[in-house]
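# Residue-level structural notes
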Amino acid sequence: MSAKAFVLIEAAPAQAGKIADNLREISGVCSIDAVTGPYDIIAVVERDTLTGIGDFITSKIQAAEGITRTVTCLVL
């Protein structure tokens, strides 16, 4: 069984489009949507384990240029 999470992403001003395009190229990112409200992008990610989700988010998503903050919501 795989682990799944919704990652709520705040982007630096005028960077949301570029960030979304870059995240779409990363294997393990299932979907990317630009949204309105306090967050700019919602990413859906899947990995084999919860630890894998955490490692993936810190190494791939949070490391992406222009991302100022993330909030991860694990699917139960």
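One can find the structure itself at the top, above this paragraph.
Let us look at the structure shown here. (Residues numbered from 1 in each chain as written. Predicted model: local features only at pLDDT ≥ 70, side-chain atom pairs only at ≥ 80, totals over all residues. Heavy atoms only, no water.)

## A short note on the environment of V7
Mapped onto the fold, V7 is located in strand β1 (residues 3–11). Classification of V7 as buried rests on a relative accessible area of 0%. Discounting residues that sit within four places of it in the chain, V7 has contacts with I41, I42, A43, V45, I57, I61, T70, V71 and T72. (Helix = DSSP H or I, 4+ residues; strand = E, 2+ residues; numbered from the N terminus. Buried < 20%, exposed > 50% of the residue type's maximum accessible area, 1.4 Å probe, protein only. Contact = heavy atoms within 4.5 Å.)

## Examining the sheet that holds strand β4 (residues 67–74)
A sheet is described by the order of its strands in space; here four strands give the open sequence β2-β3-β1-β4, paired in antiparallel fashion. In this open sheet, the two strands that pair with only one neighbour each are β2 (29–34) and β4. Here the strands of the sheet are splayed against their neighbours by 20° on average, with no regard to which way each runs. (Pairing = 2+ DSSP bridges. Axes fitted to C-alpha atoms, helices over the stretch in contact; angles between N-to-C directions.)

## Here's the deal with the side chain of T70
Tracing the sequence through the fold places T70 in strand β4. Owing to a relative accessible area of 16%, T70 belongs among the buried residues under this scheme. Separated by 2.8 Å, the side chains of T70 and Q62 make a polar contact. Setting aside anything within four residues of it in sequence, one finds T70 in contact with V7, L8, I9, I61 and Q62. (Polar contact = N/O pair within 3.5 Å; in protein donor to acceptor, adjacent residues only side chain to side chain.)

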